Structures are given as C-alpha cells and as structure tokens.
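# Results of the structural survey
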Amino acid sequence: MKTLQRRDFLKVSAAASAVSAFGILPSSAVAANDKINLAIIGCENRGKNIGKEALGTGLVNCVALCDVSPSRTAALKQLAPQ
C-alpha cells in the first residue's frame, strides 16, 4: 500500500477545494427545486451580510428570519423576494 505524502495530500485537497468553491455547473443549470432553504438567526452585521450574498445568487430561498429587534428582521426581509 502506497503512503500518501503530506505535500501530495495538500495539492489534492487544494484542487478539490477550488473546484467546489467555484462550482462546476453554471447557475442556469440548477433547477428551481434545487434551491437551498436558508434561515437566519441574528439579522445584524454577519447575518445581514450572509443574507445579502446568499439571496444575490438566486439559488437560495429565505424561509425564516429571527432577531431580538423587529426592525432588523424587517430590513433584511425587504431584500428577500418572497
């Protein structure tokens, strides 16, 4: 059995990460039923930025928002198409 060297492992894992990060299929090849359902807890700072980025792809359905401040959820809800 051949042992895997650390350097070889890093090369393979870096290549696999790059492929998965950029995706293989264009967004037009994804069916409407293949959208990801997203729920955000905490709609300020990081939650707001994640929501904006995810909704901007067109591949995400925002199904729930939760925050202690109703004004924050209202502001993020305006970005969701549904």
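What this report covers is the structure whose coordinates are included nearby. The residue numbers shown here count from 1 along each chain, following its written sequence. Note on the predicted model: pLDDT of at least 70 is required for a residue's local features to be given, and 80 or more for side-chain atom pairs to be given and counted; whole-chain, interface and lining totals, by contrast, use all residues. Processing note: side-chain calculations cover all non-hydrogen atoms of the structure and skip hydrogens and water entirely.

With that out of the way, let us pick up the pairing of strand E2 (residues 60-66). Relative to E2, strand E1 (residues 36-41) runs parallel, the two being bridged by six bridges. Note on E2: the bridge partner recorded for Ile 41 is Cys 66. Look down the strands so they point away from you; if the path from the first strand over the helix to the second goes clockwise, the crossover is right-handed. Secondary structure is summarised from DSSP: a helix means a run of H or I of at least four residues, a strand means a run of E of at least two, and numbering begins at the N terminus for each. Between E1 and its parallel partner E2, the chain crosses via helix H2 (residues 46-57), and the hand of that crossover is right-handed. Pairing between strands is defined by DSSP: at least two bridges between them are needed.

Quick look at H2 now. In this analysis, the expected span of each helix is defined as 1.5 Å times one less than the number of residues it contains. End to end, H2 covers 17 Å across twelve residues, agreeing with the expected 16 Å (1.5 Å per residue, within 8%). Throughout this description, buried means an accessible area under 20% of the type-specific maximum (1.4 Å probe, protein chains only), exposed means over 50%, and partly exposed covers the range between. For H2, every residue scored as buried is listed here: Gly 47, Gly 51, Ala 54 and Leu 55. Along the axis of H2, the buried positions cluster into a sector of 95°, meaning they face one direction only. Turned more than 90 degrees away from the buried face of H2, the exposed residues are Arg 46, Glu 53 and Gly 56. Contact definition: two residues touch when any of their heavy atoms are within 4.5 Å. The inward-facing, buried residues of H2 abut E1, E2 and helix H3 (70-77). Positioned one or two residues after H2, Gly 58 has a phi angle of 80°, which is positive. The arc in question is traced by the directions running from the helix axis to the C-beta atoms.

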